[in-house]
Amino acid sequence: GNGIGNGNGNDSGNGNDSGTEIDSSSSPSNASFCIAFNKPCGMICTLAADASSSSTSTNNSNSNNSNNSNINSNTLLSVPQNHFETLKDIKPPIPENFKPVGRLDQHSHGLLLFSLDGRLTSALISPTTCVERTYRIVVQGDVGVEGSEQYEKICNLVARGVETNYGTFEGTVLSMERDVFKDGGYAHAHCGVAGGKRYDQFDERGEKQEHGHFDKDHNIIKSSITVSVREGKKRMVRRLFAAIGLFVLDLERIKYGEIEIGNLPRGDWIHLTDKDLNFCKTIVKSWEKNGAAWDKSSVQK
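Residues numbered from 1 in each chain as written. Predicted model: local features only at pLDDT ≥ 70, side-chain atom pairs only at ≥ 80, totals over all residues. Heavy atoms only, no water.

Asker: Looking at this model, I keep getting lost on the overall build of the protein. Mind explaining?
Answerer: Across its full length, the protein carries five helices and 11 strands. For the protein, buried positions account for 51% of its 301 residues. Carbon and sulfur atoms form 45% of the exposed surface of the protein, whose accessible area is close to 14500 Å². (Helix = DSSP H or I, 4+ residues; strand = E, 2+ residues; numbered from the N terminus. Buried < 20%, exposed > 50% of the residue type's maximum accessible area, 1.4 Å probe, protein only. Areas by Shrake-Rupley, 256 points an atom, 1.4 Å probe, with all protein chains shown as cover.)

Take a look at the structure:
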């Protein structure tokens, strides 16, 4: 797809917010039942009103856009809990009755969908539909160059599945580029102090990383990886790469199924295009045909 397009943060939210279900026979233009939001780093994915006692910004689009390229990646950034924003702080507010489809970790950012219809939410997150989620991540480590032994090893490990203390996770590496930030910071370096970026020296299994990915000047090598997975388990991508010795410094979801974040500014939201809504309808139909009964029975077990 061509991405969602420009969001201006001023969407009036005049879609169908009555709580009605998707009518697969109607034109998708007649009822906007899904919204895309570019979640900033540091925002907590909860609708609970009391999860945050204050908001640090009145404009989410610009609250985390400061240039932090000079921040040392070894710095632990700690921000008081009452400075974290939640989904309740989105401005303008997401229309009533739209609910988030899954969640993004507080320290991750990017595409978060909101659905008006419970069937669509179930279809998008169901293991029976295997909808791909695509992420662009920055890792501490050297991934090598395409065709090299290191590059191919990482691709094969991820494809084959990596065992962690939280299960075996697998995915598809779409592209990798080594040492892409040697001349400075990267666009989402810690996403501003208010983002509360998580950084520690341990992988998800609690083992200190000893891989020592440093260049000849003893600077940490940071590499970029685009990867897709077909599950949405908690911290799955971070845990997968940590288990093979690549600590994730930054994680952005850029695509969910065929829905791309495109150039939607951080903190903005927008109603989906007809093309994206048609994708949603296709997923719902597939789920109703193959997955709904299985999901229901698995919950009852």
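Asker: Would you explain helix H3 (residues 149–160) in this entry?
Answerer: Taking 1.5 Å of rise per residue, the 12 residues of H3 would be expected to cover 16 Å, and the 16 Å separating its terminal C-alpha atoms lies within 8% of that figure. Residues Tyr151, Ile154, Cys155 and Val158 constitute the buried set of H3. One face of H3 carries all of its buried residues, which in axial projection span an arc of 95°. Exposed and facing more than 90 degrees away from the buried side of H3 are Glu149, Lys153 and Arg160. Packed against the buried residues of H3 are strand E5 (162–164), strand E6 (167–169), strand E7 (172–177), strand E8 (222–229) and helix H4 (236–243). Looking one or two places after H3, you find Gly161, whose phi comes out positive at around 110°. (Expected span 1.5 Å × (residues − 1). Arc of directions from axis to C-beta. Contact = heavy atoms within 4.5 Å.)

Asker: How should I be thinking about the pattern of salt bridges in this particular structure?
Answerer: Side chains bearing opposite charge may pair, as long as their charged atoms lie close to each other. Across all of its chains, the model carries seven salt bridges by this definition. The shortest N-O distance in the salt bridge between Arg119 and Glu288 comes to 2.4 Å. Linking Arg119 in helix H2 (residues 118–125) with Glu288 in helix H5 (residues 274–300), this pair joins segments that are 169 residues apart in sequence. We note a salt bridge from Glu231 to Lys233, for which the minimum N-O separation is 3.3 Å. Judged by its relative accessible area of 44%, Lys233 is partly exposed. A single network of salt bridges, built from pairs that share partners, joins Asp117, Arg119 and Glu288. (Salt bridge = Lys/Arg side-chain N within 4 Å of Asp/Glu carboxyl O.)

Asker: What should I look at first to understand the layout of surface pockets in this one?
Answerer: If a probe the size of a water molecule is rolled over the atoms, the empty space left behind becomes visible. The computed volume of the largest pocket comes to approximately 530 Å³. Along the walls of the largest pocket sit 25 residues, with Arg103, Gly232, Lys233, Lys234 and Arg235 positioned nearest its centre. Residue assignment for the lining of the largest pocket shows that the elements contributing at least two residues are strand E4 (133–140), H4 and strand E9 (247–256). (1 Å grid on protein atoms, 1.4 Å probe; cavity = no way out; pocket = protein on both sides within 12 Å on 5 of 7 lines; lining within 4 Å. Points joined across faces, edges and corners; volume = space filled by probe spheres on them.)

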